[in-house]
Amino acid sequence: MWPVLLLLLAANIAVSLTRMRKRIKLAEALWRGKGTRKIAVSLIALRIGSHFALNALGLAVTSTPGHLLFALVMAAITIGLLAYSQETAIRALTATRTTTAPAV
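Description of the structure in this document.

Definitions and limits used
Residues numbered from 1 in each chain as written. Predicted model: local features only at pLDDT ≥ 70, side-chain atom pairs only at ≥ 80, totals over all residues. Heavy atoms only, no water. Axes fitted to C-alpha atoms, helices over the stretch in contact; angles between N-to-C directions. Helix = DSSP H or I, 4+ residues; strand = E, 2+ residues; numbered from the N terminus. Parallel < 35°, antiparallel > 145°, perpendicular 65-115°, else oblique. Contact = heavy atoms within 4.5 Å. Nonpolar A, V, L, I, M, F, W, Y, C, P; charged D, E, K, R; others polar. Expected span 1.5 Å × (residues − 1). Buried < 20%, exposed > 50% of the residue type's maximum accessible area, 1.4 Å probe, protein only.

## Remarks on the packing of helix 2 (residues 21–32) against helix 3 (residues 34–56)
Next, step 1: Packing of helix 2 against helix 3 leaves a shortest axis separation of 4 Å and a crossing angle of 65°. Between helix 2 and helix 3, the interaxial angle falls into the category roughly perpendicular. Counted together, L30, W31 and R32 of helix 2 and K34, T36 and R37 of helix 3 form the full contact between these two elements.
Next, step 2: Residue composition of the contact of helix 2 with helix 3, by class: 2 nonpolar, 1 polar and 3 charged.

The structure is reproduced here in structure tokens:
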């Protein structure tokens, strides 16, 4: 079992150092962006605010299915916002590359 895990670890490191380098740089650029930070803060505010709002309405989430549904909704919102942010950033990077590329 250990040799297989060590082989998978070595393969993961090799892929990370070669093929994933561009994606890691893109991810770092996305995290430095204001849009990603705004999304992170707004998701935290949404999470806390929705709990306060539900408690104020007397609809506190106390059951397991309720928590699972709440988690699924928050996950969907998170994925949607981050996908939009990444798409916007990639579009901007692509537009920058095409306008600064030398004409042939």
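## As for the environment of K34
Next, step 1: Structurally, K34 is set in helix 3.
Next, step 2: Considering only alpha carbons, one finds K34 and E87, 53 residues apart in sequence, at a separation of 15 Å.

## Re helix 3
Next, step 1: Between its first and last C-alpha atoms helix 3 spans 32 Å; for 23 residues at 1.5 Å apiece the expected length is 33 Å, and the two agree.
Next, step 2: When helix 3 is considered as a whole, its buried residues turn out to be T36, I39, L43 and S50.
Next, step 3: Positive backbone phi, approximately 80°, marks G58, located one or two places after helix 3.

## A short note on the side chain of S85
Next, step 1: Mapped onto the elements, S85 comes out in helix 4 (residues 64–100).
Next, step 2: Of the residues examined, S85 reaches a relative accessible area of 13% and is grouped as buried.
Next, step 3: Discounting residues that sit within four places of it in the chain, S85 has contacts with L30, T36 and I39.

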